[in-house]
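Residues per chain are reported as follows:
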Amino acid sequence: MLRFYAKDRAETRKWLKGSPASYLATILRRDFGNSASLTLGSAPGNDVRIQDPGVEPRHLRVTVVGDSFRVEALSPRARFKVKDVEMASAMLAPSSIKVGRFSLRLSHQRFPAIIVFDPKSPRYKLYKGIRYFPPDLSFHIVAALTPNPKPDTTIILSTRGNRRRAVRVGWFDFEVKGTHCRLEATRLLEPGVGEKEFGLFFTDATTGKESYGVGRYLDAGIRADGLYELDFNKCYNPACAYSEHYNCPIPPRANRLGVAIRAGEMDAHYMH
């Protein structure tokens with residue numbers, strides 16, 4: 001188990017340092033706001049302006065259509081790639097496309113936006129690693145999910161001020177160092193979120209001191225016996241701990257733990 005943590009952490013550090021999908025690769029975010037469409041190109045006047053030999057002055061129009069995006073070339077020579085397949089138009093679910101050397105994330109979350117990733121991003125120079133608490137197997141917890149008998153809709157606030165709708169799926173009750181804890185599990189009501197996907201967004205006594213000030217996230221893994229693994233050694237900071245270009249859920253008041261979870265990712269102070 002300890003070897004697994006070491007391998008996982010080494011891979012995460014490598015990803016942040018140089019991956020074209022790294023949080024540090026982001027250079028621009030443009031929200032659709034009240035606009036149904038945004039244009040992209042190298043010329044002034046585009047909603048998203050990026051300059052590269054592979055980008056035409058008026059290159060693309062991206063339009064929000066329900067839970068999807070319609071992408072259309074605006075120039076006879078303009079193209080974009082979806083999984084390495086070159087296209088001039090497409091209707092796409094929230095996903096990524098490539099234009100020139102850039103990747104564009106078509107983010108929905110009911111607050112559509114285009115996030116631009118550059119493999120030559122100057123933000124890679126900010127890299128200073130990721131800090132973790134030492135692995136502690138007492139924070140590897142097995143717990144049952146108590147289902148919400150009447151799943152209700154709640155609001156999860158985000159780091160960009162958006163009110164994101166979610167369903168209360170249920171609760172996990174467990175002990176940390178002899179103290180009873182409860183975490184509320186929520187499923188965001190957004191395109192691309194599966195029926196069985198839910199998030200655990202929490203703060204604890206380390207938040208804002210040893211760990212990131214907004215809070216941290218934990219993915220619960222279901223076992224063959226129906227119980228869940230809550231391994232806080234794997235808890236992680238939201239993307240907004242590394243880049244201002246993300247719209248991250250803020251842990252709800254119900255998930256403010258009074259104990260110190262000295263496990264998982266610490267605050268590396270990329271954002272101030």
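## Let's talk about helix α1 (residues 2-18)
Point 1. Under the 1.5 Å per step criterion, the end-to-end length of α1 is 25 Å for 17 residues, consistent within 8% with the ideal 24 Å.
Point 2. Along α1, the positions that sit buried rather than exposed are Tyr5, Arg9 and Leu16. Angularly, the buried residues of α1 cover 30° about the axis, an arc narrow enough to put them on a single face. Of the exposed residues in α1, those oriented more than 90 degrees away from the buried face are Arg3, Lys7 and Lys14.
Point 3. In this fold, the buried residues of α1 make contact with β12 (140-143) and β20 (228-231).

## Here's the deal with the pattern of salt bridges
Point 1. Summed over all chains, the structure comprises 19 salt bridges.
Point 2. Taking the shortest distance from any N to any O, the salt bridge between Arg123 and Glu244 comes out at 3.7 Å. One end of the pair, Arg123, is in the loop between β11 (113-117) and β12; the other, Glu244, is in the segment after β20, and 121 residues separate them in sequence.
Point 3. Linked through salt bridges whose partners overlap, the residues forming this network are Arg29, Asp31 and Arg160.

## Digging into the side chain of Asp52
Point 1. Looking at where Asp52 falls in the secondary structure, it is placed in the loop between β3 (48-49) and β4 (60-65).
Point 2. From its side chain, Asp52 meets the backbone nitrogen of Gly54 in a polar contact 2.9 Å long.
Point 3. The residues contacting Asp52, other than those within four sequence positions of it, are Gly100, Arg101 and Phe102.

## Observations regarding the side chain of Ser121
Point 1. Tracing the chain through its elements places Ser121 in the loop between β11 and β12.
Point 2. Take Ser121: its relative accessible area is 4%, and that puts it in the buried class.

Analysis parameters
Along each chain, numbering runs from 1 in the same order as the chain's sequence is written. Given that the model is predicted, a residue must reach a pLDDT of at least 70 before its local features are reported, and side-chain atom pairs must reach 80 or more before they are shown or counted; all residues, however, enter totals for whole chains, interfaces and linings. The basis for every side-chain value is the complete set of heavy atoms in the structure, and neither hydrogens nor water enter the calculation. A run of H or I in DSSP counts as a helix once it spans at least four residues, and a run of E counts as a strand once it spans at least two, with each numbered from the N terminus. Here, expected helix span is obtained from the residue count minus one, scaled by 1.5 Å. Think of it in three bands: residues with accessible area under 20% of the maximum for their type are buried, residues over 50% are exposed, and the middle band is partly exposed, with areas taken using a 1.4 Å probe on protein chains only. Think of it as the arc spanned by the lines of direction from the helix axis to the C-beta atoms. We call two residues in contact when some of their heavy atoms are within 4.5 Å. A pairing counts as a salt bridge when a side-chain nitrogen of Lys or Arg comes within 4 Å of a carboxyl oxygen of Asp or Glu. N or O atoms closer than or at 3.5 Å make up a polar contact, with two conditions inside protein: a donor-capable atom paired with an acceptor-capable one, and, for residues adjacent in sequence, both atoms drawn from side chains.

Any functional reading would require information beyond the geometric quantities listed.
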